Amino acid sequence: MSPIPAKADVVVIGGGPAGSTAANLLAQKGYDVVLLEKTTHPRVTVGESLLPHFWKYLDALGAADDIRDAAFVKKSGGTAVWRGMVRQMRLMDFGYSRPPLHVERGEFDHILLKVAERMGVKVFERVVARKIASNGSQRRVSYGNLETGEEAEITCRFIVDGSGQTGVIANQLGFREFDRDLRFMSVWGYFENGDYAAQGGLVCPMEKRYEIPPTTVQAGIGDWGWCWHIPQKESTSVGLVLALSQQAEFKARGANLEERFLEGCRRAPVVGELLRDATLVPDALYGIRDFAYHPTQLAGEGWYLVGDAAAFVDPINSAGVLTAFYTGSAAAACVDGSLKNESRIDYYTKVYSRLVRPRLTLFRLSALPEGQNTYQEDYQIALKAARLDSAVEQELLMVQTRLTDRSLNLAPLVAIDSGLAYNTHSNRYKENIQLTRLDSDEPFPAPVAGLQSVA
Amino acid sequence: MQATEADIKETVKDYILSEFLPGESPDALDDSTLLITSGVLDSIATVKIVSFLEEKYGIELEAHELSPEYLNTLSDIARLVTARIAPK
Ligand SMILES: Cc1cc2nc3c(=O)[nH]c(=O)nc-3n(C[C@H](O)[C@H](O)[C@H](O)COP(=O)(O)OP(=O)(O)OC[C@H]3O[C@@H](n4cnc5c(N)ncnc54)[C@H](O)[C@@H]3O)c2cc1C
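Residues numbered from 1 in each chain as written. Chains lettered and ligands numbered in written order. Predicted model: local features only at pLDDT ≥ 70, side-chain atom pairs only at ≥ 80, totals over all residues. Heavy atoms only, no water.

A. Fine view of the interface of chain A and chain B. On the chain B side, the residues contacting the 20 residues of chain A number 21 residues. Of the roughly 1600 Å² buried between chain A and chain B on both sides combined, carbon and sulfur atoms contribute 60%. Area buried by chain A at its contact with chain B is led by Arg344, Tyr347 and Leu388 of chain A, which between them contribute 34% of it. Between the two partners, chain A and chain B, sit 3 salt bridges. Here aspartate 42 of chain B makes a salt bridge to lysine 56 of chain A, at a shortest N to O gap of 3.0 Å. Here chain A is connected to chain B by 6 residue pairs in polar contact (both at pLDDT 80 or more). A class-by-class count of the residues in the side of chain A that touches chain B yields 11 nonpolar, 3 polar and 6 charged. (Contact = heavy atoms within 4.5 Å. Buried area = accessible area lost by both parts, 1.4 Å probe. Salt bridge = Lys/Arg side-chain N within 4 Å of Asp/Glu carboxyl O. Polar contact = N/O pair within 3.5 Å; in protein donor to acceptor, adjacent residues only side chain to side chain. Nonpolar A, V, L, I, M, F, W, Y, C, P; charged D, E, K, R; others polar.)

B. Layout of unusual backbone geometry. Residues and elements named next belong to chain A. A cis amide bond links histidine 41 to the next residue, proline 42, at an omega of -5°. Of note in the backbone geometry, alanine 71 takes a positive phi value of approximately 50° without being a glycine. Within the fold, alanine 71 resides in the loop between helix H3 (64-69) and strand E4 (73-74). In this structure alanine 71 comes out as partly exposed when scored by relative accessible area, which is 41%. Unusually for a residue other than glycine, aspartate 439 sits at a positive phi of about 50°. Within the element layout of this structure, aspartate 439 appears in the segment after strand E26 (436-437). (Helix = DSSP H or I, 4+ residues; strand = E, 2+ residues; numbered from the N terminus. Buried < 20%, exposed > 50% of the residue type's maximum accessible area, 1.4 Å probe, protein only.)

C. The layout of surface pockets, seen in detail. In this structure, the largest pocket spans a volume of roughly 1400 Å³. If you go around the largest pocket, you meet 47 residues; those closest to its centre are Lys56 and Tyr57 of chain A together with Phe20, Val40 and Asp42 of chain B. Of all the secondary-structure elements, those providing two or more residues to the lining of the largest pocket are helix H1 (17-28), helix H2 (54-61), helix H9 (320-340) and helix H12 (391-403) of chain A together with helix H1 (5-20) and helix H2 (43-57) of chain B. Ranked by residue count, the leading element in the lining of the largest pocket is H2 of chain B, at 7 residues. Looking at the lining of the largest pocket, its residues break down into 23 nonpolar, 11 polar and 13 charged. (1 Å grid on protein atoms, 1.4 Å probe; cavity = no way out; pocket = protein on both sides within 12 Å on 5 of 7 lines; lining within 4 Å. Points joined across faces, edges and corners; volume = space filled by probe spheres on them.)

D. Expanded view of the site of the ligand. Residue and element names in this part refer to chain A. Taken together, 35 residues surround the ligand, and among them Glu37, Val46, Arg105, Asp308 and Val321 come closest. Here lysine 38 contributes a backbone N or O atom positioned 3.1 Å from a nitrogen atom of the ligand. At a separation of 2.8 Å, an oxygen atom of the ligand approaches a polar side-chain atom of arginine 43. Against a free-state accessible area of 1000 Å², the protein chains account for coverage of 95% of the ligand. Elements with a contribution of two residues or more to the shell around the ligand: H1, strand E2 (33-37), strand E3 (49-50), strand E9 (127-135) and H9. Residue composition of the shell around the ligand, grouped by class: 15 nonpolar, 14 polar and 6 charged. (Near = heavy atom within 4 Å. Areas by Shrake-Rupley, 256 points an atom, 1.4 Å probe, with all protein chains shown as cover.)

E. Structural detail: the domain arrangement of chain A. All names here are of chain A. Partitioning chain A into structural domains gives domain 1 (10-47 + 104-179 + 293-350) and domain 2 (76-97 + 184-289 + 430-455). Each of domain 1 and domain 2 has a C-alpha centre, and the two are 33 Å apart. Facing the 8 residues of domain 1 at the interface are 12 residues of domain 2. At the boundary of domain 1 and domain 2, one finds 1 salt bridge. A salt bridge links glutamate 107 to lysine 233; the nearest nitrogen and oxygen atoms lie 3.0 Å apart. (Domains from an automatic or database assignment.)

F. Focus on the environment of alanine 299 of chain A. All names here are of chain A. Here alanine 299 lies in strand E23 (residues 299-300). For the pair formed by alanine 299 and aspartate 32, sequence separation is 267 residues and the distance between their alpha carbons is 21 Å. Sequence-distant contacts of alanine 299, defined by excluding residues within four places in its chain, comprise Tyr304, Thr349, Tyr352 and Ser353.

G. Structural detail: the sheet that holds strand E7 (residues 101-102) of chain A. All names here are of chain A. Reading across the sheet, the 3 strands line up as E3-E7-E4 and stay open at both edges, with antiparallel pairing between neighbours. Bordering the open sheet on either side are E3 and E4, each of which pairs with just one other strand. Bridge analysis of E4 against E7 gives 2 bridges, and the strand direction is antiparallel. Following the sheet pairing, valine 73 is matched in E7 by histidine 102. (Pairing = 2+ DSSP bridges.)

In structure tokens:
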């Protein structure tokens, strides 16, 4: 590994999708970019279901061919099991020409980081960013090299923080607020074999996944909790998202985490049945808690927060990685503009907040269980992002929220602006789907009506 | 000589075609094509267009002007730029 330079135009903290995106785009513009990553890729992380608009970001990053060649499992859409009803949507119906994917994030993120390096980013793994400091137009990032034990600094003009939940800058400056409306924990693991749900309610064995593309299944499991089922190349990722009120019950059921997790999966409607003949991959259970938060400030004197380092809400609409791409790209455009014209630094800081704050607010509204928003001003803020989305993107968000009973959260936006596509009745999803097994007469049990409980 | 609205539309059209619609025929865009609401430009593209306009015409726009209200068609953009470069 070459020595870590003492100077750069831009230092990017974190090598997840958000950090890689910002670093890659700025290197393409010819800036000298250093990226520090605490771990060694591939590393484990959650967030494996990707909506189709991510391809446009990959085009800009020069990563589309690399990702296509990795042959991730193509998904066809979503299946939601809510209140005893099965609903489905097909993403092709929205006119996307390239498929949404189920990705192993270790591999996916590693590819993006390697592409960033190819574009000229100087990537240093096993280096942890510690603190930032500012002095006039100069910034400094102090870091620890976990390989050599060395502690040192890099001087730069801009810092992009893509450190994920760690949130180096937001924590240092005390900008992170946890969301009192969304207090969740999540536990997830991987299953081999078993079945998955395809379009038309067809239940197929895992070996069919490249022939008959799977859907992402989301099943409500009582209160605000839900469960995901994401078939991938080798195994299926299954996770439980549990509301605060469910956590005590969850902990009481089973002698250890593995037993509790298996019991929770077994009780999830439809998902439990899909996993009937599946086996849990041993020693690969992960957990995360209280992951919903947002910052009081998104950008400031020479720094930008991107991806999860800025904010995160409930993952129900699979928007996390897209938001990482979005914020990484927006920050790159703003840093580029600022470096070209120093007199406009404040303008770009403002532009970034004006773009990103409404987007995060819109995601938060569309993720909250219906009627649970305690911030009335959010509707006006979210409207700014909604208006910048194309009609198809608007309809997709509306359909997604319909599938999981959250679409009423968007109604106040339509009341303000009837031009939004959140009020069109979309025929791009179906209700009351009957699940049937491929090549088998054995019936697939209908989900029990009413909310299911994990407890 | 000051750029006319027609010049501005032409310049911005070339920029959009080369930057955001590579390979697309120039006929794909006319003065009233809805750039934002039809998905030709996403919100990040609006940041880049404004940076381009600022550099090209030596003007300064404001953060709130990055909205479909001012940038949704080539005509809207030309009107916004002309108003800003007009001698006060
Ligand atoms: C339960 C759950 C389910 C989810 N499901 C989905 C889904 O289906 N689809 C989806 O799109 N999204 C999903 N998400 C969201 C998704 O996981 C995240 O939004 C996404 O990973 C954010 O990318 P990022 O680059 O911001 O952060 P990360 O991917 O977390 O990357 C941050 C990087 O920074 C590094 N780092 C941290 N601290 C430092 C430091 N001090 N110095 C240097 N490096 C550092 C880390 O090692 C890491 O590599 C889910 C999230 C949760 C919690």
